Amino acid sequence: MTASFSSTPVPRIGLAACVVGLPEMIPVAKGAGYDFLLVDMEHGRIAIDALAGICVTGLAADFPVLARVTGPGSPDLARVLDCGATGVIIPHVDSAEQARAIVAACRFAPLGSRAIPGPLAILSFEAVPPAQLIAASEERVELHAMIESRAGLDAVAEIAAVPGLSALVIGANDLASDLGHTGQLDHPDVRAAFATIAAAAHAHGLGFGVMGLPAALIPGHAVANGATLIVATNEINLLVDGARATLGTVRAQLPASQPAAPA
């Protein structure tokens, strides 16, 4: 059953960078009107050095950059924040224990145990007292736990109750697959899972986000469940779709091929 909300939030809409790990992705995403850029370090080639350049550019442009790491045990959890990411998206969170470990790694004391770093990009690399550094960092940090398995779905109420998280985000395709409905994002079981995860997020004052949904399913799966964050697409999908559409348009303007003249 789909949840009902008296006040529907206006979700932030993001573009994912999966292959093009360049600072130029910031003006591309911002100029196109997106609200944030997600840098995907879980799949593909983008590594920490490329992320750092993108994050510093994002800070200079006042444009948020979220980094998706490889999972709850990633060594880059706090490191992406040190490099200037304004949020971390952590895939495959299956338990409250994992959620608590994420908070411990990414939040400063007393909520977590993140080590106090040297000068940070968010402070223009100025050396400031630790208390000021911590306050400035915590003010901006977002921690998004991705629920994309049956185990995560079963534990979602306990995960959502962990202090320090900012949002629950659904990895649509992985969740559908783990529920036994690969590629069937509109299956009743998958729709029910979306509603359950959204309700858990809202019950604990967290945001609710979605990734991997086709546009046709966004009204029912995301908006109807009070989504506050939507990753609409990635740069490679846009490139392939745009290239194919442009090629079709150009070919349609060409004269039809004529049969060869007889010898």
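Before reading further, recall that the structure is shown in the block above.
To keep things clear, this report deals only with the structure shown in the data block. (Residues numbered from 1 in each chain as written. Predicted model: local features only at pLDDT ≥ 70, side-chain atom pairs only at ≥ 80, totals over all residues. Heavy atoms only, no water.)

### A closer look at the environment of Arg-12
1) Next: By the secondary structure assignment, Arg-12 is in strand E1 (residues 12-17).
2) Next: Along the sequence, Arg-12 and Gly-209 sit 197 residues apart, while their C-alpha atoms lie 9.1 Å from each other.
3) Next: Apart from residues no more than four positions distant in its own chain, Arg-12 is found in contact with Asp-35, Phe-36, Glu-142, His-144, Thr-228, Leu-229 and Ile-230.
4) Next: Only 2.9 Å separates the side chain of Arg-12 from the side chain of Glu-142, close enough to count as a polar contact. (Helix = DSSP H or I, 4+ residues; strand = E, 2+ residues; numbered from the N terminus. Contact = heavy atoms within 4.5 Å. Polar contact = N/O pair within 3.5 Å; in protein donor to acceptor, adjacent residues only side chain to side chain.)

### Topic: the pattern of salt bridges
1) Next: Throughout the structure, instances matching the rule amount to 8 salt bridges.
2) Next: The residue Arg-79 makes a salt bridge to Asp-76 at a minimum N-O spacing of 3.8 Å.
3) Next: Overall, Arg-79 belongs to the partly exposed group, its relative accessible area being 43%.
4) Next: When salt bridges with common partners are traced through the structure, they connect Asp-40, Glu-42 and Arg-68 into a single cluster. (Salt bridge = Lys/Arg side-chain N within 4 Å of Asp/Glu carboxyl O. Buried < 20%, exposed > 50% of the residue type's maximum accessible area, 1.4 Å probe, protein only.)

### Points about helix H4 (residues 96-106)
1) Next: Residues of H4 that are buried include every one of Ala-96, Ala-99, Ile-102, Val-103 and Cys-106, and no others. In a view along the axis of H4, the buried residues occupy a sector of 115°, so they form one face of it.
2) Next: The inward-facing, buried residues of H4 abut helix H3 (77-82), strand E4 (87-90), strand E5 (142-147) and helix H7 (156-160). (Arc of directions from axis to C-beta.)

### Focus on helix H1 (residues 25-32)
1) Next: Listing the buried residues of H1 in full gives Met-25, Ile-26 and Ala-29. Burial along H1 is one-sided: seen end-on, the buried residues are contained in an arc of 100°.
2) Next: Buried positions along H1 lie against E1, strand E2 (36-40), helix H2 (48-60), strand E3 (65-68) and helix H11 (235-253).

### Examining the environment of Leu-22
1) Next: For Leu-22, the position within the fold is in the loop between E1 and H1.
2) Next: Residues Leu-22 and Val-156 lie 134 residues apart in sequence; the distance between their C-alpha atoms is 35 Å.

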